[in-house]
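Fold and contact review
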Amino acid sequence: MYELKVVTRFAAAHRLTMVGAKCENMHGHNWKIEVSLNGPELDDAGVLMDFGEIKRRLHEVIARVDHQFLNE
């Protein structure tokens, strides 16, 4: 079994509701994303999946939430 992991980060704001504390105010965090892929064999290039392709797909997801208000 082979495993490939990509780690990246993004920043975004959110607010908690119904906690009755200062966390109900909008505030930001730096978020860490870890993507792990597993597979039984490598391709002809000797990799599980091309890193560039993984990073491109991950960027598409992160672009929707980076520096955004997550409650919206």
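In the block above lies the structure referred to throughout.
Residues numbered from 1 in each chain as written. Predicted model: local features only at pLDDT ≥ 70, side-chain atom pairs only at ≥ 80, totals over all residues. Heavy atoms only, no water.

Notes on the overall build of the chain
Of the regular secondary structure elements, the chain holds 1 helix and 2 strands. The order of helices and strands in the chain, counted from the N terminus, is β-β-α. Against the compact-globule benchmark of 11 Å for 72 residues, the chain has a radius of gyration of 17 Å, which places it well outside the compact range. Along the first, second and third principal axes, the C-alpha atoms of the chain reach 55 × 20 × 15 Å. Relative to its 72 residues, the chain shows a buried fraction of 15%. Looking at the chain as shown, the accessible area adds up to about 5700 Å², and 52% of this sits on carbon and sulfur atoms. Each charge class in the chain was averaged separately, 9 positive and 11 negative side chains, and the resulting centres sit 9 Å apart. (Helix = DSSP H or I, 4+ residues; strand = E, 2+ residues; numbered from the N terminus. Rg over C-alpha atoms; globule rule 2.2 N^0.38 Å. Buried < 20%, exposed > 50% of the residue type's maximum accessible area, 1.4 Å probe, protein only. Areas by Shrake-Rupley, 256 points an atom, 1.4 Å probe, with all protein chains shown as cover. Lys, Arg positive; Asp, Glu negative; His and termini not counted. Charge placed at Lys NZ, Arg CZ, Asp CG, Glu CD.)

Thoughts on the nonpolar core
Grouped together as the largest cluster of nonpolar side chains are 7 residues: Leu4, Val6, Phe10, Ala12, Ile54, Leu58 and Ile62. Where this core is concerned, the elements lending two or more residues are strand E1 (2-14) and helix H1 (51-65). Tallying contributions element by element places E1 first for this core, with 4 residues. The residues contacting Ala12, other than those within four sequence positions of it, are His27, Gly28, His29, Trp31, Val65, His67, Gln68 and Leu70. (Core = buried A, V, L, I, M, F, W, Y, C linked by side-chain atoms within 4.5 Å. Contact = heavy atoms within 4.5 Å.)

None of the figures reported here should be taken as evidence of function without further support.
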